[in-house]
Amino acid sequence: MTAITIEDLRELARRRLPRALFDYVDGGAHDETTLEANREDLRRIAFRPRVLVDVGERSLETELLGAKQALPLVLAPAGNAGMLSRRGEIAAARAAEKAGIPFCLSTMSIVSMEDVAAGTSRPFWFQLYVMRDRGLTRSLVERAQAAGASALVFTADLPVSGQRDRDLRNGFTVPPRLTPANLLDVLRHPRWIVDVLLGPRITFANLADSSAGGSDIVSVARHVALNFDPSITWRDIEWVRSIWRGPLIVKGILSPEDARLAAQSGADGVVVSNHGGRQLDGAPSTISVLPAIADAVGDRLTVIFDGGIRRGTDVLKALALGADACMIGRAFLYGLAAIGEAGVARSIEILKTEMDTSLALLGRRSIAELDRNCVATER
Ligand code: FNR
């Protein structure tokens, strides 16, 4: 099957992965209303194209946080990416590097930040989860700095983990529920077994050394679950600001009030995000809150949009409504699960081609020409 769309890559990923793992990537919290709203609200926006504009010369280049990049995209942080494909974080980082866009590594990666740095030459962004143990948190920030990370993304919308019903049903929990059905599910996916299970050791490598209970993935996951800090506040952003030298971005912003607080706390940017519908079900779709946030802080902060991007047109809509760039999560994870680095490259290529064609059909030549005149009111 040739992957023409992100949806094609999703289908390939569905076949390649054990069901529990596919559902972990694909699913969201509770009834998945926010997950669906992210897609649906993007879909409902209509363009306002202009014609007979010379679109012979076009560019998707942009500048983000002072650095030039080929496309207005960033690969979003995703825990467990190394479970989807062998050394998955390095595969994704390499594909991003070749495409000329940033890759953001999750705290909960399978490959360590030092190994990602060694396996790539473009600096990556590092996403931070704050642990109760501030010494450990500080050491993560210092290691990211030493590994050459070029931006720090502080994820603010996970004081506790949202409940994902599919994961509970499938036993994709800490510790995992091993049932005959689960084992059979895994055995039915020999290519994944050979690629991932028989590959390098699987654990949360950034945290393995600091887990008192053992360095295997279940012990570390248990340790981390107990150590996620639900008491984090804006003070912690100020604290991280004081120890991190470089751009600081707060991820998980859904209101202008919080965007302003991010600016006051010393952040350089925000990611308008509901964690891909994986945290609070019933949270608004990200595209519905983007314009007000861009109005509130767009002149002071870099505004990155995230949630529900599956088409190049989705990216153009978000940029027209005030975003400087878009993070993509599942769109690249499906590609990674389907065919590793080549799959991530394919995901980016698909979105790039769709963006380029749609930009021309919209009667625009560059990212800078995307503004609210490009979209009509909602249908
Ligand atoms: C995520 N996301 C996420 N975010 C984060 O800050 N740290 C993390 O470790 C993870 N882990 C993670 C795992 C998986 C499997 C998914 C799908 C997502 C959220 C991610 O960064 C991003 O906000 C969403 O994926 C965006 O929505 P789309 O693009 O997937 O619709």
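See above for the structure.
Source: prediction; values computed, not measured.

**Student:** Any details on the state of the cysteines? Residues and values, ideally.
**Tutor:** Tallied over the entire structure, the rule returns zero disulfides. C326 takes part in no disulfide bond, and the closest cysteine sulfur, belonging to C374, lies 14 Å away. On the basis of relative accessibility, which here comes to 0%, the residue C374 falls in the buried class.

**Student:** Please give an account of the pairing of strand β8 (residues 269-272) that cites residues and values.
**Tutor:** Burial along β8 is two-sided: G269 and V271 and V270 and V272, pointing in opposite directions, are all buried. Two elements, strand β7 (residues 248-253) and β8, share four bridges in a ladder whose sense is parallel. In the strand pairing of β8, V250 is matched with V270. Assessed by its sense of winding, the connection that carries the chain from β7 through helix α12 (residues 256-264) to β8 is right-handed. Bridge count for β8 against strand β9 (residues 302-306) is four bridges, and the pairing is parallel. When the sheet's bridge partners are listed, V270 is paired in β9 with V303. Handedness of the crossover joining β8 and β9 through helix α13 (residues 286-297) is recorded here as right-handed.

**Student:** Report on the packing of aromatic side chains, specifying residues and quantitative values.
**Tutor:** Within the structure shown, the criterion is met by three aromatic pairs. Above the ring of Y24, the side-chain terminus of R278 is found at 4.9 Å from the ring centroid.

**Student:** Go over the environment of A91, please, and point to the residues and values.
**Tutor:** Within the secondary structure layout, A91 lies in helix α4 (residues 88-99). Sequence separation between A91 and G340 is 249 residues; the distance between their C-alpha atoms is 6.3 Å.

Parameters at a glance
- Residues numbered from 1 in each chain as written.
- Predicted model: local features only at pLDDT ≥ 70, side-chain atom pairs only at ≥ 80, totals over all residues.
- Heavy atoms only, no water.
- Disulfide = S-S within 2.5 Å.
- Buried < 20%, exposed > 50% of the residue type's maximum accessible area, 1.4 Å probe, protein only.
- Helix = DSSP H or I, 4+ residues; strand = E, 2+ residues; numbered from the N terminus.
- Pairing = 2+ DSSP bridges.
- Right-handed = clockwise from strand over helix to strand, strands pointing away.
- Phe/Tyr/Trp six-rings, centres within 6.5 Å; stacked < 30°, edge-to-face > 60°.
- Lys NZ or Arg CZ within 6 Å of the ring centre and 35° of its normal.

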